[in-house]
Amino acid sequence: MKHVLISALTAVSFALTACADGDAETIDATETVASGLDITNAYIAPPFKGRDVAAGFFTVTNNGTDDRLVSAASPIANSVEIHTHSEVDGVMAMRQVDGVDLPNGVAVEFRPGSYHLMMFGVELADDVTEAPLTLTYESGEEMTLSVPIEGRG
Ligand SMILES: [Cu+2]
């Protein structure tokens, strides 16, 4: 498998050809779009033992025109939702949002206690160390990253 490495030095922005199964090999680098969207510090926190819910975290920096993350998908999950944490009556609670604004020049952190991706129906073999994650933006930009699985055991 060809891996797309996440690098702080590289604007990771790829247009995808048909990618129904999220296979990272479908990336067509000749269609790279200079969107200015840069993903760093991406990782997937695997499900707790006996559970099938994982979480995805990363920082997205937008050095291009204003955009918005509108969906995410991964072949290791049945579905992926964008969540945020907010305080309701003094209690921190998660809720699903339909997108996250990514203004030009701003780094938006997806991290524990804030925005995050919630991945449902996750099945991960013990020896899997990274998984494809496809992020789709309002602009039509779509990128698939190979994201490390961190914090096992
Ligand atoms: Cu959540």
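Below is a summary of the structure that appears in this document. Predicted, not measured: the structure shown is a model, and the values here were computed from it.

1. Describing the overall build of the chain
Within the chain, the regular secondary structure consists of 0 helices and 10 strands. Counting from the amino terminus, helix and strand elements in the chain follow one another as β-β-β-β-β-β-β-β-β-β. In the chain, the share of contacts with a sequence separation of at least 24, taken over all contacts with a separation of at least 6, comes to 65%. A total of about 8100 Å² of accessible surface is found on the chain, and carbon and sulfur atoms cover 50% of it.

2. Considering the coordination of the copper ion
Those donors, His83 (ND1), Met94 (SD), His116 (NE2) and Met118 (SD), are the protein atoms that reach the copper ion, and they lie 2.1 to 2.2 Å from it. For the copper ion, the 4 donor atoms are set out with angles of 92 to 118° between them, so the coordination reads as tetrahedral. Read N to C, the donor residues that coordinate the copper ion are spaced as H-x10-M-x21-H-x1-M. Placement of Met94 in strand 5 (residues 91–96) and of His116 in strand 8 (residues 116–120) is noted, with a sequence separation of 22 residues between them. Owing to a relative accessible area of 3%, His116 belongs among the buried residues under this scheme.

3. Observations concerning the pattern of salt bridges
Tallied over the full model, the rule gives 3 salt bridges. For Arg68, the salt bridge goes to Asp101, with nearest N and O atoms at 2.7 Å. Separated by 33 residues along the polypeptide, Arg68 in strand 3 (residues 67–73) and Asp101 in strand 6 (residues 100–102) bring together distant segments of the chain. Put simply, Arg111 and Glu109 hold a salt bridge, and the shortest N to O gap is 3.8 Å.

4. Let's talk about the side chain of His83
Position of His83 among the secondary structure elements: in strand 4 (residues 79–88). Here His83 falls in the buried class, since its relative accessible area comes to 6%. Of note is the side chain of His83, whose polar atom sits 2.7 Å from the side chain of Glu81. If sequence neighbours within four positions are ignored, His83 has contacts with Met94, Arg95, Gln96, Val97, Ser114, Tyr115, His116, Met118 and Phe120.

5. Quick notes on the environment of Glu138
Following the sequence through the fold, Glu138 ends up in the loop between strand 9 (130–137) and strand 10 (142–148). Given a relative accessible area of 56%, Glu138 falls into the exposed group. Residues Glu138 and Val70 lie 68 residues apart in sequence; the distance between their C-alpha atoms is 5.9 Å. Ignoring sequence-local partners within four residues, the contact set of Glu138 consists of Asp67, Arg68 and Val70.

6. Some remarks on the pairing of strand 5
When strand 4 meets strand 5, the two strands line up antiparallel, connected through 6 bridges. Bridged to His83 within strand 5 is Gln96. If you look at the hairpin formed by strand 4 and strand 5, you'll find 2 residues sitting between the two strands, and Asp89 has a positive phi there, around 50°.

7. A short note on the environment of Ser114
Take Ser114: it is sitting in the loop between strand 7 (107–110) and strand 8. On the basis of relative accessible area, Ser114 is assigned to the buried category, the value being 15%. Sequence separation between Ser114 and Ser86 is 28 residues; the distance between their C-alpha atoms is 7.8 Å. When neighbours within four sequence positions are excluded, Ser114 is seen to be in contact with His83, Thr84, His85 and Glu109.

Conventions used here
- Residue positions within a chain follow its written sequence, with the count starting from 1.
- Given that this is a predicted model, residues contribute local features only at a pLDDT of at least 70 and side-chain atom pairs are listed and counted only at 80 or more, while totals for whole chains, interfaces and linings are drawn from all residues.
- Only hydrogens and water are set aside when side-chain values are computed; all heavy atoms of the structure are taken into account.
- Only DSSP runs of H or I reaching four residues or more are called helices, and only runs of E reaching two or more are called strands; each is numbered from the N terminus.
- Residues count as neighbours in contact if any of their non-hydrogen atoms are within 4.5 Å of one another.
- Where accessible areas are quoted, they stem from the Shrake-Rupley method and a 1.4 Å probe; at the residue level, only the protein chains shown are allowed to cover.
- The rule for donors is simple: an N, O or S atom within 2.8 Å of the metal counts, and for Na, K and Ca the reach is 3.2 Å. Water is not among the atoms, so a site may look short of donors.
- Geometry is assigned from the angles between donors: four donors with all angles from 85 to 135 degrees make a tetrahedral site, four or six donors whose opposite pairs exceed 155 degrees while the rest stay between 65 and 115 make square planar or octahedral sites respectively, and everything else is labelled irregular.
- Only protein chains enter the accessibility calculation, which uses a 1.4 Å probe; a residue is then buried when its area is under 20% of its type maximum, exposed when over 50%, and partly exposed in between.
- A pair is scored as a salt bridge if a Lys or Arg side-chain nitrogen falls within 4 Å of a carboxyl oxygen belonging to Asp or Glu.
- The definition of a polar contact used here is a pair of N or O atoms within 3.5 Å, where within protein one atom must be able to donate a hydrogen and the other to accept one, and adjacent residues in sequence count solely through side-chain atom pairs.
- For two strands to count as paired, DSSP must find a minimum of two bridges between them.

Honestly, it's all geometry; don't read function into it.
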